[in-house]
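# Coordinate analysis (summary)
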Amino acid sequence: MKHILVANRGEIALRIIRTAHRLGIKTTLAAHAVDLQSIAAQTAGQTAQIFGDPPVSAYLDIPQLTKVALDYGCDTVHPGYGFLSENAAFAAQVEAAGLCWVGPSPDVIGLMGDKIRAREFAHRCGLPLVPFALDSGHREFRDAVLALRFPVLIKAAAGGGGKGIKIVRQEMELDRAITQARSEALRYFGDERVYAERFVERPRHIEVQILADQFGKVIHLGERECSIQRRFQKIIEETPSVAIDPDLRSKICGAAVALAKASQYRNAGTVEFILGPDREFYFLEVNTRLQVEHPVTELVTGLDLVEWQLRIASGEALPFEQSDVASNGHAIECRINAEDVPSGFVPSSGILARYIEPHGEGIRVDSGVCELDRLTSSFDPMLAKLIVWGPDRGSTIARTEEALRNFCLLGPETNIAYLRALLKQPEYVAGHIDTGFIDRHHEEILRFMQVESRLDARVTAAFVALMIPEARVSYSSLSELGAWKN
Amino acid sequence: MTAVLRSGSEFLAVMAEASGRVMVGRSEVRIENFSRNGGTLAGTLGGARWEIEVARIGDRIIAWSSGRIWQAEIQLLPVSEIDAAGEHSDQITAPMPGSIVQVHVSPSQPVAAGDVMVTIESMKMETALVAIRDGVVASVLVEAGTTVDRGAILVSFMKQEEAAS
């Protein structure tokens, strides 16, 4: 492996480029015109312009990306996360072109990408599943859903990223939810098949990071808890989970490893589970790529996951054993999004007028933006990830809160103040979290945030007055103004 | 011209001198050792050290300090018109034809020089009308939504002897 095409953008493109360069591997970044000035483009060995309107279509264009990889002399393609990272056709096209694909084989991507087939496979491997019903024609499906008992979730068969999921609490909502889920599934994934599963109340989202080489060795790197979600999308992730003791860890991680072995999995991957309040866990899905939240695992294990992705893809065997993997301390990731939280997490755009990252012990920021970048609504609203390490959960929360306080990001609206307020909620601090946490505490967090985050107006106005030419007056006229006072 | 910083429904008229002496609304603020390095403003106020990051996007000002944020729009005010209205009479009159956006005072309310009394919109631009001296409001003759001609009386002050009694 000598030269990678990075078929992605933003923070993850930069993340991959940095590790590749450290390993002495050349990089070419595929970049649409709107990204040619990005920090990833400036850091890459070279950029290959890709075309598409809207811009996102360029990053989804399989023939164009494959051609760019060949034209620029790359021998490997790293897809990052999102976009084509879990697209079996892209992986197959890359391999057919004689290039190395950083990820599992196209067959495994195809298997795990079809949520219905993946569940059947997991079930055969002995992994527990939440009771579910497959879409087998409307009347039969409806009866099967009713037999599951409410509440149920309706999900897209080809789904992921929280898109196309509907929660149904009573029969009268069911027909509409099925229709909506089908239409969203068709729009997002080009496949209208859906399925239903019983909604486990107060579930935690737990996932297991695995690494697998092409010789059949599979190692897990422990769990991540990603229960803090808004609209089924994660915003805070951490490791280890407070809900998991060594016994449960060995069971849940063992299940993930068994599934990876049975599917002849290769490269990095994540097996997602839900964990009920009764400590029962159920298989959810497999993500056949690097996850957004992979850095928390890196901070506690000391491993660079992109490095291991590249080593495995180039044919190396994993040189360490499960017992060599140790987890040290605690890590939390916060996703910093350009969004207006009080208006309902609406994406915000505009110019990034000031951008100052926090620094300090245990603090890492993975970001693809810099000051004066123009943020468009063409892509995901995530601007940066703040990842913080501490010796234990309490100190890590405190460090994260302080790092958020020192994160200056002016121009678009962001969720920074919201994240700070969330981290101070007693229930979060106590570790009493599940995927419904934000729904339950949203109003409280907003109130806290609005009181906490307001800078003293009169003091600030005084400083601002000294800076803006429009407010400047000569000494004499200010003296006259002095006479205003009693 | 005077700068008015508008943050939500709050208006602050500001005038500053390079020495660090600033009028914010009715009160004088003295910032010692003011310095500016790009978008970083620093200074001491009442013994406390302040460091503020500031971004200006057109007429929008965003200030940040240790996780706290304040945003405002900069509006410019034609001072001469206000002088004519306030300094030499006991009334505030409309400096231009327009529509009243908001009335910030009510009868018998004491006001201080620098307080914003009325906001008026004309040609899609809002202007804040600021009291030029201390006084007590006698009557308010308009309300939000009223359309006024240039010179229309908006707010009248009590005569100084009335206010004192």
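Bear in mind the structure is a predicted one, so any value in this text is a computation, not a measurement.

## Considerations on the overall build of chain B
Looking only at helices and strands, chain B has 2 helices and 17 strands in total. Per-residue burial over chain B gives 49% buried out of 165 residues. If you take every contact in chain B between residues at least 6 apart in sequence, the share linking residues at least 24 apart comes to 47%. For chain B, the accessible surface area stands at approximately 7,600 Å², while carbon and sulfur atoms represent 49% of it.

## Re the overall build of chain A
Within chain A one finds 17 helices and 23 strands. Scaling as 2.2 N^0.38, a compact globule of 486 residues should have a C-alpha radius of gyration of about 23 Å, and chain A matches this with 24 Å. Expressed as lengths along the three principal axes of its C-alpha atoms, the size of chain A is roughly 85 × 55 × 45 Å. Taken across its 486 residues, chain A has 57% of its residues classed as buried. Looking at chain A alone, contacts between residues at least 24 apart form 66% of all its contacts between residues at least 6 apart.

## Some points on the layout of surface pockets
The volume enclosed by the second largest pocket comes to roughly 610 Å³. Forming the boundary of the second largest pocket are 33 residues, of which Glu413(A), Ala417(A), Ser453(A), Ile69(B) and Gln71(B) lie nearest the centre. Breaking the lining of the second largest pocket down by element, the ones donating at least two residues are strand S16 (339–340), strand S23 (408–410), helix H13 (416–423) and helix H15 (437–452) of chain A together with strand S1 (2–7), strand S8 (60–65) and strand S9 (68–77) of chain B. Broken down by element, the lining of the second largest pocket gets its largest block of residues, 5 residues, from S9(B).

## Some points on the interface of chain A and chain B
Put simply, an interface is often sized by how much accessible area is lost when its parts join up. Facing 43 residues of chain A, the contacting portion of chain B comprises 56 residues. With both sides pooled, the region where chain A packs onto chain B buries about 4,500 Å², and carbon together with sulfur makes up 69% of that total. Linking chain A to chain B there are 3 salt bridges. The interface formed by chain A and chain B includes 14 residue pairs in polar contact (both at pLDDT 80 or more).

## Some details on the nonpolar core
Residue and element names in this part refer to chain A. Ranked by internal contacts, the top residues of the largest apolar core, which has 54 residues, are Leu 5, Leu 29, Val 77, Phe 90 and Leu 211. Structurally, this core is a two-domain feature, drawing no fewer than three residues from each of domain 1 (3–102) and domain 3 (204–452). Leaving out residues up to four positions away in the same chain, Leu 5 has contacts with Thr 28, Ala 30, Leu 65, Val 68, Ala 69, Cys 74, Thr 76, Val 77 and His 78.

## Thoughts on the packing of aromatic side chains
Residue and element names in this part refer to chain A. For the structure on display, the rule yields 13 aromatic pairs over all chains. Considering the side-chain rings of Phe 83 and Phe 379, the 6.4 Å spacing of their centres and the 85° angle between planes classify their relative orientation as edge-to-face. With Phe 83 in the loop between strand S4 (76–78) and helix H4 (88–96) and Phe 379 in the loop between strand S21 (374–375) and strand S22 (382–390), this pair connects stretches of sequence that are 296 residues apart. Ring centres 5.4 Å apart and planes at 85° place the aromatic pair Phe 90 and Trp 101 in the edge-to-face group. Remark: Trp 101 occurs in strand S5 (residues 100–101) and Phe 90 occurs in helix H4; sequence separation between them is 11 residues. A single burial state applies to Phe 90 and to Trp 101, both of which are buried. An aromatic cluster is present here, built from Tyr 59, Phe 83 and Phe 379 joined pairwise through their rings.

## Describing the domain arrangement of chain B
Residue and element names in this part refer to chain B. Segmenting chain B into domains produces domain 1 (2–75) and domain 2 (78–164). Summed over both partners, the interface of domain 1 with domain 2 comes to about 830 Å²; 55% of that surface belongs to carbon and sulfur atoms. At the junction of domain 1 with domain 2, the criterion picks out 0 salt bridges. Within the residue set of the side of domain 1 that touches domain 2, elements represented by two or more residues are S1 and strand S2 (10–16).

## Observations regarding helix H9 (residues 246–262) of chain A
Residue and element names in this part refer to chain A. Its 17 residues place the ends of H9 24 Å apart at the C-alpha level, agreeing with the 24 Å of an ideal helix rising 1.5 Å per residue. Listed in full, the buried residues belonging to H9 are Leu 248, Ile 252, Cys 253, Ala 255, Ala 256, Val 257, Leu 259 and Ala 260. Once H9 ends, the next one or two residues include Gln 264, with phi positive near 55°.

## Topic: empty space enclosed by the protein
To find the voids left in a structure, one rolls a probe of water-molecule size over its atoms. Residue and element names in this part refer to chain A. Counting across every chain of the model gives 4 cavities of 30 Å³ or more. Here the largest cavity defines a volume of roughly 50 Å³. For the lining of the largest cavity, the secondary structure elements donating two or more residues are H13 and H15. For the lining of the largest cavity, the residue count by class is 4 nonpolar, 1 polar and 4 charged.

## A look at the sheet that holds strand S10 (residues 91–93) of chain B
Residue and element names in this part refer to chain B. Ordered in space as S10-S17-S15-S12, the 4 strands form an open sheet in which the pairing is antiparallel. Of all the strands in the sheet, the pair left with one neighbour each is S10 and strand S12 (110–111). Two elements, S10 and strand S17 (residues 153–157), share 3 bridges in a ladder whose sense is antiparallel. Among the inter-strand pairings, Ile 92 is bridged to a residue of S17, identified as Val 155.

## A closer look at the confidence of the model for chain A
Per-residue confidence for chain A gives a mean pLDDT of 93; residues scoring 70 or more make up 97%. Scored below 50 in pLDDT, residues 478–486 of chain A shows 20 contacts in the model against residues more than four places distant or in partner chains.

## With respect to the domain arrangement of chain A
For chain A, the domain assignment lists domain 1 (3–102), domain 2 (131–198) and domain 3 (204–452). Spacing between the C-alpha centres of domain 1 of chain A and domain 2 of chain A amounts to 34 Å.

## A word on the packing of H13(A) against H15(A)
Residues and elements named next belong to chain A. Where H13 contacts H15, the two axes come as close as 8 Å, and the packing angle between them is 110°. If you check the angle between H13 and H15, you find them roughly perpendicular. Considering only the axes of H13 and H15, their crossing is right-handed. For the pair H13 and H15, the contacting residues are Ala 417, Tyr 418, Arg 420, Ala 421 and Leu 422 in the first and Phe 437, Ile 438, His 442, Ile 445, Leu 446, Phe 448, Met 449 and Glu 452 in the second. Grouping the amino acids of the contact of H13 with H15 by side-chain chemistry returns 10 nonpolar, 1 polar and 2 charged.

## Topic: the pattern of salt bridges
Residue and element names in this part refer to chain A. Tallied over the full model, the rule gives 49 salt bridges over all chains. The partner of Arg 230 in a salt bridge is Glu 339, and the shortest N-O contact between them spans 2.9 Å. Residue Arg 230 is located in strand S11 (residues 218–230), and its partner Glu 339 is located in strand S16; the two are separated by 109 residues in the primary sequence. The pair formed by Arg 230 and Glu 339 is uniform in burial state, with each residue classed as buried.

Reading the values: the criteria
- Residues numbered from 1 in each chain as written.
- Chains lettered and ligands numbered in written order.
- Predicted model: local features only at pLDDT ≥ 70, side-chain atom pairs only at ≥ 80, totals over all residues.
- Heavy atoms only, no water.
- Helix = DSSP H or I, 4+ residues; strand = E, 2+ residues; numbered from the N terminus.
- Buried < 20%, exposed > 50% of the residue type's maximum accessible area, 1.4 Å probe, protein only.
- Contact = heavy atoms within 4.5 Å.
- Areas by Shrake-Rupley, 256 points an atom, 1.4 Å probe, with all protein chains shown as cover.
- Rg over C-alpha atoms; globule rule 2.2 N^0.38 Å.
- 1 Å grid on protein atoms, 1.4 Å probe; cavity = no way out; pocket = protein on both sides within 12 Å on 5 of 7 lines; lining within 4 Å.
- Points joined across faces, edges and corners; volume = space filled by probe spheres on them.
- Buried area = accessible area lost by both parts, 1.4 Å probe.
- Salt bridge = Lys/Arg side-chain N within 4 Å of Asp/Glu carboxyl O.
- Polar contact = N/O pair within 3.5 Å; in protein donor to acceptor, adjacent residues only side chain to side chain.
- Core = buried A, V, L, I, M, F, W, Y, C linked by side-chain atoms within 4.5 Å.
- Domains from an automatic or database assignment.
- Phe/Tyr/Trp six-rings, centres within 6.5 Å; stacked < 30°, edge-to-face > 60°.
- Expected span 1.5 Å × (residues − 1).
- Nonpolar A, V, L, I, M, F, W, Y, C, P; charged D, E, K, R; others polar.
- Pairing = 2+ DSSP bridges.
- pLDDT = per-residue confidence, 0-100.
- Axes fitted to C-alpha atoms, helices over the stretch in contact; angles between N-to-C directions.
- Parallel < 35°, antiparallel > 145°, perpendicular 65-115°, else oblique.
- Left-handed = near helix turned anticlockwise from the far one by under 90°.

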